[in-house]
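Close look at the chain arrangement
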Amino acid sequence: MASNAARKLNQPTPQLTPRPNQPTPQVKSHQHRLPFSPFEKILMIFGALVAFSMMIMVVTTQLSVVKQQHRLQNLQTQVANVKQQNVSDQQEVTTLTSQARLEQIAQKYGLTDANSSVRNVNK
């Protein structure tokens, strides 16, 4: 029967042994540095400028955000103060327009309430 599998050959592999009389050849490594081309220099300068400008933009943006947060905090404080003043003014208006105070002022100036069925109407 024919087989298509490869047969193993039992051949010894030759081993290299250094000869005692001859020195082993040493590979000389050439560590010669290639100079940068003008395109590479321009590309590096452009990349450095882009990175530097992005750093400046990040710092500028952070400063702007901090400034706006401070402004927002000041505006929120002013809004809280105005709301508190509005509540205080509303309480003062309620006190000044009470029926008892109006009657007290009317008696002080000698005025009388001719119609006892008159009521205060507030919106």
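No experiment lies behind these values; they were computed from the predicted model shown. (Residues numbered from 1 in each chain as written. Predicted model: local features only at pLDDT ≥ 70, side-chain atom pairs only at ≥ 80, totals over all residues. Heavy atoms only, no water.)

Examining the overall build of the protein
- In terms of regular secondary structure, the protein is built from two helices and zero strands.
- Residue burial in the protein is summarised as follows: out of 123 residues, 1% are buried. (Helix = DSSP H or I, 4+ residues; strand = E, 2+ residues; numbered from the N terminus. Buried < 20%, exposed > 50% of the residue type's maximum accessible area, 1.4 Å probe, protein only.)

Some words on the UniProt feature "transmembrane region" (unreviewed entry) in the protein
- Per the UniProt record, "transmembrane region" (unreviewed entry) is found at residues 42–66.
- Annotation note: span residues 42–66, helix share 100%, strand share 0%, distance between end C-alpha atoms 36 Å. (UniProt positions renumbered as here; feature names shortened; annotations may be inferred.)

Side note on the UniProt feature "coiled-coil region" (unreviewed entry) in the protein
- According to UniProt, the "coiled-coil region" (unreviewed entry) feature falls on residues 65–92.
- Secondary structure across residues 65–92 comprises 100% helix and 0% strand; the distance between its end C-alpha atoms is 40 Å.

Describing the environment of Phe-36
- Assignment of secondary structure puts Phe-36 in the segment before helix H1 (38–96).
- Among the residues examined, Phe-36 registers a relative accessible area of 49% and is labelled partly exposed.
- Beyond its immediate chain neighbours, meaning those up to four positions away, Phe-36 contacts Lys-41 and Met-44. (Contact = heavy atoms within 4.5 Å.)

Notes on a nonpolar patch on the surface
- A contiguous nonpolar patch, built from Phe-46, Val-50, Met-54 and Met-57 and spanning about 410 Å² of accessible area, is present on the exposed surface.
- Mapped onto the fold, Val-50 is located in helix H1. (Patch = residues over 30% accessible without salt bridge, like charges linked within 9 Å, V, L, I, M, F, W, Y side chains within 5 Å. Areas by Shrake-Rupley, 256 points an atom, 1.4 Å probe, with all protein chains shown as cover. Salt bridge = Lys/Arg side-chain N within 4 Å of Asp/Glu carboxyl O.)

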